Amino acid sequence: MSLLSVDGRKGDALPTFKKSQTVHALWQTLKNPAHKTAPAPALFIRRYDKLLSVDVPLNRDERAGQAGYDNEMTAAQVFLMAVALVLMDSGLGLGTAGFFVHHARESLLKQYERIMLPQNRPSYLNEKDREDLTVWLLLQNRDMQELYPAYDRSKIEGWGGKGLPPLIINPRYAFGKNGRNVTLDAYISGGTHNHVLVVELARLASVLTHNLKHAPVLRRGRPS
């Protein structure tokens, strides 16, 4: 157990998880139920490693920095990784997903902390909750940047890729299905604001955290 707070800074003691546990939990959480592969495939692990290279979910000063040492993570930090992988699954590139999570890090960690309160956490089982505990992340990713006014984006912090940094606008959180619908209505404006990426966070956080707590620790050099 490491002395880490929910956002990764030193503070109250929270359990941390090794790479084998985080990969296992992410795979079990995000894979299609029809997929019977038990261990995460190499391609999925490469995506995981590439996200680490763009500072998701750990900033450079939070990494172990030594060969042979895994970067252990809190459940909240693994949640950041899950959000990035979901964004990639929706079509955003590695750099774009990493860029967004880098800038939304503090707010996402606050949402995770809120979701995990007993009164807010939905069931990790595939069942309907008695209350609407959904939490929605909504954002607009703009690939056709020529549609928007030009300004100097070359010095925007957190972007190390080629070309212009991503143009992600109007990120918002909504609570409950009614809140989601009201927020969606607010996005509609003429022909410009007519598509939105919508991600549900609460069930994702609950299932992921359950899977983390039950993830096996694999020793280096030994079969699982």
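Predicted model, so just to flag it, every value in this text is computed and none were measured.

The rules behind each value
Residues numbered from 1 in each chain as written. Predicted model: local features only at pLDDT ≥ 70, side-chain atom pairs only at ≥ 80, totals over all residues. Heavy atoms only, no water. Helix = DSSP H or I, 4+ residues; strand = E, 2+ residues; numbered from the N terminus. Contact = heavy atoms within 4.5 Å. Areas by Shrake-Rupley, 256 points an atom, 1.4 Å probe, with all protein chains shown as cover. Core = buried A, V, L, I, M, F, W, Y, C linked by side-chain atoms within 4.5 Å. Buried < 20%, exposed > 50% of the residue type's maximum accessible area, 1.4 Å probe, protein only. Phe/Tyr/Trp six-rings, centres within 6.5 Å; stacked < 30°, edge-to-face > 60°. Expected span 1.5 Å × (residues − 1).

(A) Structural context of the overall build of the protein chain. Within the protein chain, the regular secondary structure consists of six helices and three strands. Helices and strands in the protein chain line up, N terminus first, as α-α-α-α-β-β-α-β-α. The contacts of the protein chain with a sequence gap of at least 6 include a subset with a gap of at least 24, amounting to 70%. Surface summary for the protein chain: the accessible area is close to 13000 Å², and the carbon and sulfur share equals 53%.

(B) Region of interest: the nonpolar core. Counting residues in each nonpolar core, the largest one holds 46 residues, and the members touching the most others are Leu26, Phe79, Val83, Leu87, Val101 and Leu201. Ranked by residues supplied to this core, first place goes to helix α3 (residues 75–89) with 12 residues.

(C) Geometry of the environment of Phe44. For Phe44, the position within the fold is in helix α2 (residues 42–53). With a relative accessible area of 11%, Phe44 lands in the buried category. When the C-alpha atoms of Phe44 and Leu85 are compared, they prove to be 9.5 Å apart, with 41 residues separating the residues in sequence. Not counting the four nearest positions on each side in its chain, Phe44 is found in contact with Val23, Leu26, Trp27 and Leu85.

(D) Focus on the packing of aromatic side chains. Counting across every chain of the model gives two aromatic pairs. With centroids separated by 5.2 Å and ring planes inclined at 65°, the aromatic side chains of Trp27 and Phe44 adopt a geometry described as edge-to-face. Taken together, the residues span a long stretch of sequence, with Trp27 in helix α1 (residues 19–30) and Phe44 in helix α2 at a distance of 17 residues. The same class applies to Trp27 and to Phe44, which are both buried. Geometrically, the ring pair formed by Phe79 and Tyr112 is tilted, given 5.3 Å between the ring centres and 40° between the ring planes. With Phe79 in helix α3 and Tyr112 in helix α4 (residues 94–115), this pair connects stretches of sequence that are 33 residues apart. Under the relative-accessibility criterion, Phe79 is labelled buried at 0%.

(E) Looking closely at the environment of Thr22. Following the sequence through the fold, Thr22 ends up in helix α1. Spatially, the C-alpha atom of Thr22 lies 9.8 Å from that of Lys213, the residues being 191 residues apart in sequence. When residues no more than four places from it in sequence are discounted, the contact partners of Thr22 are Phe17, Tyr48, Val78 and Leu212.

(F) Structural detail: α3. The first and last C-alpha atoms of α3 sit 21 Å apart over 15 residues, in line with the 21 Å expected at 1.5 Å per residue. Most of α3 is tucked away: 13 of the 15 residues are buried. Directly beyond the C-terminal end of α3, a positive phi value near 120° is found at Gly91.

So far we have only geometry, and geometry alone does not tell us how the molecule works.
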